[in-house]
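Now for the letters of each chain:
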Amino acid sequence: MVRFLKSLVLLPIAVLVILLAVANRDPVRLSLDPFSPDPVFSVTLPLYAIVFGAVALGIVVGGIFAWLGQGKARRQVRHRGREIRRLEGETERLKAYAPPEPGTALTLPGRTALPAPR
């Protein structure tokens, strides 16, 4: 079902992208020098290539900022994972001292414990 919905959404987008690329094949000069009539650094590319490049750059920059913004959450997950591993280890160590049956006293070497409350 999810695969069908993905294709239902992505197919029209793919058709629009192809139509954009076919309709905008004419070369366009891209310049980063707004003051010079004959800029030193300029490149001539099809319009669709410039649009696709801008979209790709936006996706990459947005992904980087999203990843940086989640740093605090990733740090908390690492901390909690370490805490869980520590507590699981402690639980395993304490299981070795658990009484064999309910109602029996916990005995440690050289010590006697009271029975658990009922």
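Cut-offs used in this document
Residues numbered from 1 in each chain as written. Predicted model: local features only at pLDDT ≥ 70, side-chain atom pairs only at ≥ 80, totals over all residues. Heavy atoms only, no water. Salt bridge = Lys/Arg side-chain N within 4 Å of Asp/Glu carboxyl O. Helix = DSSP H or I, 4+ residues; strand = E, 2+ residues; numbered from the N terminus. Buried < 20%, exposed > 50% of the residue type's maximum accessible area, 1.4 Å probe, protein only. Axes fitted to C-alpha atoms, helices over the stretch in contact; angles between N-to-C directions. Parallel < 35°, antiparallel > 145°, perpendicular 65-115°, else oblique. Contact = heavy atoms within 4.5 Å. Nonpolar A, V, L, I, M, F, W, Y, C, P; charged D, E, K, R; others polar. Patch = residues over 30% accessible without salt bridge, like charges linked within 9 Å, V, L, I, M, F, W, Y side chains within 5 Å. Areas by Shrake-Rupley, 256 points an atom, 1.4 Å probe, with all protein chains shown as cover. Lys, Arg positive; Asp, Glu negative; His and termini not counted. Charge placed at Lys NZ, Arg CZ, Asp CG, Glu CD. Phe/Tyr/Trp six-rings, centres within 6.5 Å; stacked < 30°, edge-to-face > 60°.

Student: Lay out the pattern of salt bridges with the relevant residues and their values.
Tutor: Throughout the structure, instances matching the rule amount to three salt bridges. Here E90 makes a salt bridge to R86, at a shortest N to O gap of 3.4 Å. Separated by four residues within a single helix, E90 and R86 lie in helix α3 (residues 71–95), roughly one turn from each other. For R86, a relative accessible area of 44% corresponds to the partly exposed category. For K95, the salt bridge is made with E92, and the minimal N-O distance between the two is 3.6 Å. Here K95 pairs with E92, and both are found in helix α3, just three residues apart, close to one helical turn. The class for E92 is exposed, based on a relative accessible area of 51%. Each of the salt bridges in this network shares a partner with another, and the network as a whole consists of E83, R86 and E90.

Student: Got a sec to walk through the packing of helix α1 (residues 2–23) against helix α2 (residues 47–69)? Specific residues and values, please.
Tutor: At a minimum axis distance of 7 Å, the contact between α1 and α2 shows a crossing angle of 135°. As far as their axial angle goes, α2 and α1 are oblique. Contact residues: V17, L20 and A21 in α1; Y48, V51 and F52 in α2. For the contact of α1 with α2, a count of residues per class yields six nonpolar, no polar and no charged.

Student: Describe in detail a positive patch on the surface, supporting the description with residues and values.
Tutor: A grouping of K72, R75, R78, R82 and R85 is seen on the molecular surface, where their side chains present a positively charged patch. With respect to the helices and strands, R82 occurs in helix α3.

Student: Any chance you could break down a nonpolar patch on the surface for me, citing the residues and the numbers?
Tutor: Taken together, M1, F4, L5, L8, V9, L10, I13 and V17 make up a surface patch of nonpolar side chains, about 810 Å² in accessible area. Within the secondary structure layout, M1 lies in the segment before α1. We classify M1 as exposed; its relative accessible area is 74%.

Student: Can you lay out the packing of aromatic side chains for me, pointing to particular residues and giving the numbers?
Tutor: Aromatic ring pairs are defined here through the distance separating the ring centres and the angle between the ring planes. Taken as a whole and judged by the stated rule, the model has one aromatic pair. Ring plane angle 65° and centroid distance 5.9 Å describe the contact between Y48 and F52, whose orientation is recorded as edge-to-face. Taken as a pair, Y48 and F52 lie in helix α2 at a separation of four residues, close to a single helical turn. Judged by its relative accessible area of 27%, Y48 falls in the partly exposed class.

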